[in-house]
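# Fold and geometry: a report
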Amino acid sequence: MKKTLRIAQVAPLFESVPPKGYGGTERVVSYLTEALVEQGHQVTLFATGDSITSADLVSVCEHGMRTASARTGWMARQTMLNDLVFQRANEFDVMHFHVDCLHYPMSRVCPTPSVTTFHGRLDAPYLKALHEQFRDHPVVSISDHQRQALPDANYVATVYHGLPLGLYDFSAQPLDYFAFIGRISPEKRLDRAIEIAVACNTRLVVAAKIDDADREYYEREIAHLMEHPLVKYVGEVDDAGKNVLLGGARALLFPIDWPEPFGLVVIESLACGTPVVAYGMGSVPELLDDGVTGFVVDNQKAAIAAAQRVGEIDRADCRRVFEQRFSSPHMAQAYVDVYSRLAGHRMEREGDVEESSPA
């Protein structure tokens, strides 16, 4: 008989859960929370007030704080939210944080176990010293490659992101275009994607946002490339738009130039049955089966050749791999295994204390 767990999910306050626009972490928190509720667990979500969830919702701010005017107060609000979590700690079997590290000191002295998922890159210099001091704090990586920059943290699992099985539709017959989805930034390398598409004489549909920090890069390096007749820019798209765009594409082009901790758009593409042509950096070799769900390459010549061969990939295999490895129920069960171990360790420690207490 499966044990029902009482779980706190603690989200960052930059976006709602799920986000209304760009916000990878908040999307994953949403998918995880809903899957845990569906599996019968008692979940409390600590997030923005405009979040939409079937869990119990607790908040300290009405809207997300990504805007410049709101961002100045995010640390105070996040501290307040964390405090609410710890005030209610005895109500939970485990507390799962998706925020940086403000909660570490309280987690150390709180009897309710907590775990933190790393959602970003881990090569910031301060992280090594931080996790030397908090070497006992349990953490989860979202890919094995993500660990390389911080190998000595207290990893208790690697859990890949997952999507709801019904979020995207399988598309067996693509149209004649490639897709690029993400931010227009130096590390995402839209310029490479354009070069690949042009070399293949195939349209490239670009669904991407441009952050203010990347505006100068876009104007200097990308804007003139977007004028090519094979390139169509459609801006940022929601899940429904992404479903149509990815489902109709011959392939997703993912020619990144940085150690991506986890490429969420890669598994979104597989969910639609659409293969991926990607540079083998970061988590990519863990997510893609080369020659089965796409092609993993290391240069433009290989990328162009792979894009020309993408019709060899069985789109049904792409969907099958998604269902087997990257669904939100699968992700939730992997986290339940983590939660159960942590809660079990707590019970063992408390039992040891009771046994050693004088009669």
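One structure accompanies this document, and this report is about it.

Conventions used here
Residues numbered from 1 in each chain as written. Predicted model: local features only at pLDDT ≥ 70, side-chain atom pairs only at ≥ 80, totals over all residues. Heavy atoms only, no water. Pairing = 2+ DSSP bridges. Helix = DSSP H or I, 4+ residues; strand = E, 2+ residues; numbered from the N terminus. Axes fitted to C-alpha atoms, helices over the stretch in contact; angles between N-to-C directions. Polar contact = N/O pair within 3.5 Å; in protein donor to acceptor, adjacent residues only side chain to side chain. Contact = heavy atoms within 4.5 Å. Buried < 20%, exposed > 50% of the residue type's maximum accessible area, 1.4 Å probe, protein only. Arc of directions from axis to C-beta. Parallel < 35°, antiparallel > 145°, perpendicular 65-115°, else oblique. Nonpolar A, V, L, I, M, F, W, Y, C, P; charged D, E, K, R; others polar.

This part is about the sheet that holds strand E10 (residues 231-233). Here we have six strands laid out as an open sheet, ordered E10-E9-E8-E11-E12-E13, and parallel in their pairing. Since the sheet does not close on itself, it has two edges, and those belong to E10 and strand E13 (294-297), each with one partner. Strand after strand, the sheet turns through a mean of 20° between neighbouring axes, direction not considered. In this sheet, E13 lies alongside strand E12 (residues 276-279) in parallel orientation, the contact comprising four bridges.

This part covers the sheet that holds strand E5 (residues 114-117). Neighbouring strands of a sheet are bound in pairs by backbone hydrogen bonds; such pairs are parallel or else antiparallel. With parallel pairing, the seven strands of this open sheet are ordered in space as E3-E2-E1-E4-E5-E6-E7. With one partner strand each, in any of the chains shown, strand E3 (56-58) and strand E7 (154-158) form the two edges of the open sheet. Averaged over all pairs of adjacent strands, the angle between strand axes in this sheet comes to 25°, irrespective of strand direction. Examined bridge by bridge, strand E1 (residues 6-10) and strand E2 (residues 42-46) share five bridges and lie parallel to one another. Looking across to E2, one finds that alanine 8 is bridged to threonine 44.

With that out of the way, let us pick up the side chain of serine 269. Tracing the backbone shows serine 269 in helix H9 (residues 264-271). Polar contacts involving the side chain of serine 269 include one to the main-chain carbonyl oxygen of threonine 274, which spans 2.8 Å. Once residues within four sequence positions are removed from consideration, serine 269 is found in contact with Leu246, Leu252, Thr274, Pro275 and Val276.

Every α-helical turn comprises 3.6 residues, leaving residues that sit three or four positions apart pointing alike. Within the span of helix H7 (residues 215-222), buried status applies to Tyr217, Tyr218 and Ile222. Each buried residue of H7 sits inside an arc of 100° when the element is viewed along its axis, so together they form one side. Buried positions along H7 lie against helix H6 (190-199).

All right, on to the packing of H9 against helix H12 (residues 315-325) then. At a closest axis distance of 7 Å, the pairing of H9 and H12 adopts a crossing angle of 120°. Compared by their axis directions, H9 and H12 come out oblique. Between H9, through Ile267, Leu270 and Ala271, and H12, the contact on the second element is made entirely by Cys318, Arg319 and Phe322. Residues belonging to the contact of H9 with H12 are distributed by class as follows: five nonpolar, no polar and one charged.

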